[in-house]
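# Observations on the model geometry
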Amino acid sequence: MKSFLLLSLSLLVSASGLAETLALPHFFSDHMVLQRGAEAGIWGKADPGAEVTIAFKGKTTTAKADAEGNWRTAIETGKADAEGARLTASSGGTTVTIHDVLVGEVWFASGQSNMVFTMERVPDYAELIQKSNHPLIRMFNAPMVTAVEPQDDIEGEWSAASPETIPGYSAVAFFFARKLQTELGIPVGVIKSAWGGKPVETFTSRDALNTLHGTKAMVEALISADTSYDPDKAMAFYETRMEQWEAAVAAWKAKPAAERGRNPRKPSLPKRPLNTEGKPGVLFDSMIHPFIGYTMRGAIWYQGEGNAKAGAVPYDQTLPLLINDWRERWDDDFSFYFVQLANFREPSTEPGDNDPWPLLQDRMRLILDTTPGTGMAIINDVGEAKDIHPKNKHDVGERLALWALAKDYGQDITYSGPLFRSSEAADNAIRVTFDEVGSGLKSRDGGDLKRFEIAGQDKVWHWADATIDGPDSVLVSSSEVNNPVAARLAWAANPEGSNLINSEGLPASVFRTDNWDDVIQKVDTTAQKAWEARRALALEIKALAARKATLERGSDEFKETLAKQKALMEKYKATAPAVK
């Protein structure tokens, strides 16, 4: 059931005696932030055919509810404004008033547990929390919910950052917002909608997933499981599991405490597959879809742990699929900045590691070249060997903010650690060249560069000698490898000792110059290209519609433009992804 927050009585009686309904989603509420310099989307529910008027800071706009009672409009926000203002929505005899609305920069934060990770979980942040009072930083915390169908609303509320609210904020999102607010001096709002332990595919629509071979198979398996789901049988199985669990707990308690080990895990209540968190498209329907159209500058994303496994569909296909899916639905090529996975697990000691972790990290790096408007915070220096949730979220949030400050707000800064640019053979060595070096490459500890590997045609990896031989290049070689053909850096889940940084102290990303089949599957870009072509069609149709609006109806030019528009619409419809 799709629901809306009724900010006044849901049913009022007008002078004519007709029932009037006016409702907005929960995220249009007190303390919200609207994107500056934009026509910010506003929408909700009203009686079918009713006219709705939105007023904000002397501007007004109107919309008419359709046959189902849905209405949508947009209002000019103007410049950033730290003075809380009122926004009203009126229809017939009903007026909804939203208080303390700021105008500034709006960002959407999503992903899995490292984005969910709250400030209160880090003891070292306790003093900072108590001293923090940032009324110009606002956050909307969405709950973790599932849905069988796309939802138009989700519960939650906006709050201003204070010692009382910050403990429950996403730590990454808070430090990101604080950096932007401090640098820009204007309000910053973040909508956080994330769920721990979940793969990228659950945050992507099934329509989009059906356009990629590997993810389409996931959707088909989900639909098949849902079709055959029998709730009675599932409950009977659950009850049997519960009996087994209760017996196991009794046996566990009967053992001496020193011999118990972990207590038995309690079974979970059965759920319909299409209503189960983590399944393809489920969290898109419940936790992403409600926000589609909320005007914002961009999104920040911390996820990937749930996809770092052997046999996973390559992440440089699945994350761009999500990015393009969201951008098309928002009708906005907004910025999208993500966090490369941190170092994790016990440090490796030998070269030639084929762990899925660095493979996914490197595929993240590839996205920077294939998907415009993206950025990546490199954090392979802040992880913890025994904890997949590193406590240093300050550096993570601020490194994401560097990308935004440079790319969205025009600051002339070094915004990333060194990124692999190219490699070439050089006198029985390989010269590797990097981008984003600041004023030059250096070693973090002043010692020799570590964690470079090199291999010849035999594909056997050896630790390499690596020397900075220019502001943006490193010469890599080994006495054990004649005629080297490939080099890698930090190729391990935990490449302890990797110490190549730029002048700003930002660490270099993992990279490899090889694409050997024992490491990576070949990337199928067909779906990506089809998606981009469809996006281009949509933009062309939109441009023709705008031109048609300026022409005299019935004129030859109007007819010609209309014909072009119709032809493109037919082509657009023909390229729509199949929905299973």
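Being a predicted model, the structure only gives us computed values, none of them experimental.

The rules behind the values
- Residues numbered from 1 in each chain as written.
- Predicted model: local features only at pLDDT ≥ 70, side-chain atom pairs only at ≥ 80, totals over all residues.
- Heavy atoms only, no water.
- Helix = DSSP H or I, 4+ residues; strand = E, 2+ residues; numbered from the N terminus.
- Rg over C-alpha atoms; globule rule 2.2 N^0.38 Å.
- Buried < 20%, exposed > 50% of the residue type's maximum accessible area, 1.4 Å probe, protein only.
- Contact = heavy atoms within 4.5 Å.
- Areas by Shrake-Rupley, 256 points an atom, 1.4 Å probe, with all protein chains shown as cover.
- Core = buried A, V, L, I, M, F, W, Y, C linked by side-chain atoms within 4.5 Å.
- Expected span 1.5 Å × (residues − 1).
- 1 Å grid on protein atoms, 1.4 Å probe; cavity = no way out; pocket = protein on both sides within 12 Å on 5 of 7 lines; lining within 4 Å.
- Points joined across faces, edges and corners; volume = space filled by probe spheres on them.
- Nonpolar A, V, L, I, M, F, W, Y, C, P; charged D, E, K, R; others polar.
- Salt bridge = Lys/Arg side-chain N within 4 Å of Asp/Glu carboxyl O.

### Points about the overall build of the protein chain
A tally of helices and strands in the protein chain yields twelve helices and 26 strands. In terms of overall dimensions, the protein chain is globule-like: its C-alpha atoms have a radius of gyration of 27 Å, near the 25 Å expected for 580 residues. Counting only C-alpha atoms, the protein chain reaches 90 × 75 × 55 Å along its principal axes. Split into buried and exposed, the 580 residues of the protein chain put 52% on the buried side. Residue pairs in contact within the protein chain that sit at least 24 positions apart in sequence constitute 73% of those at least 6 positions apart. For the protein chain, the accessible surface area stands at approximately 26,200 Å², while carbon and sulfur atoms represent 49% of it.

### Structural notes on the nonpolar core
Counting residues in each nonpolar core, the largest one holds 113 residues, and the members touching the most others are Trp71, Tyr294, Trp301, Leu319, Trp326 and Phe336. It is strand β10 (residues 94–111) that contributes the most residues to this core, nine residues altogether. Phe452, Ala487, Trp491 and Leu500 belong to the second-largest nonpolar core, a separate cluster that totals 23 residues.

### Some points on helix α3 (residues 171–184)
Relative to the 20 Å expected for 14 residues at 1.5 Å per residue, α3 spans 20 Å between its end C-alpha atoms, a close match to the ideal helical length. With respect to burial, α3 is a largely interior element, eleven of its 14 residues being buried. With its phi angle positive at about 70 degrees, Gly185 sits one or two positions after the end of α3.

### Topic: the layout of surface pockets
One number sums up the size of the second largest pocket: a volume of about 320 Å³. If you trace the second largest pocket, you find 15 residues lining it, with Arg72, Gly293, Arg329, Trp330 and Asp331 closest to the centre. At the level of secondary structure, the elements contributing two or more residues to the lining of the second largest pocket comprise β5 (39–46), β8 (70–76) and α8 (315–330). Element by element, the count of residues in the lining of the second largest pocket is highest for β8, at three residues. Across the lining of the second largest pocket, the residue classes tally to five nonpolar, five polar and five charged.

### Topic: the pattern of salt bridges
Summed over all chains, the structure comprises 26 salt bridges. Of the charged contacts in the structure, one is a salt bridge between Arg488 and Asp514, with a shortest N-O distance of 3.2 Å. Note that Arg488 is positioned in strand β24 (residues 486–489) and Asp514 in the loop between β26 (511–512) and α11 (526–548), a separation of 26 residues in sequence.

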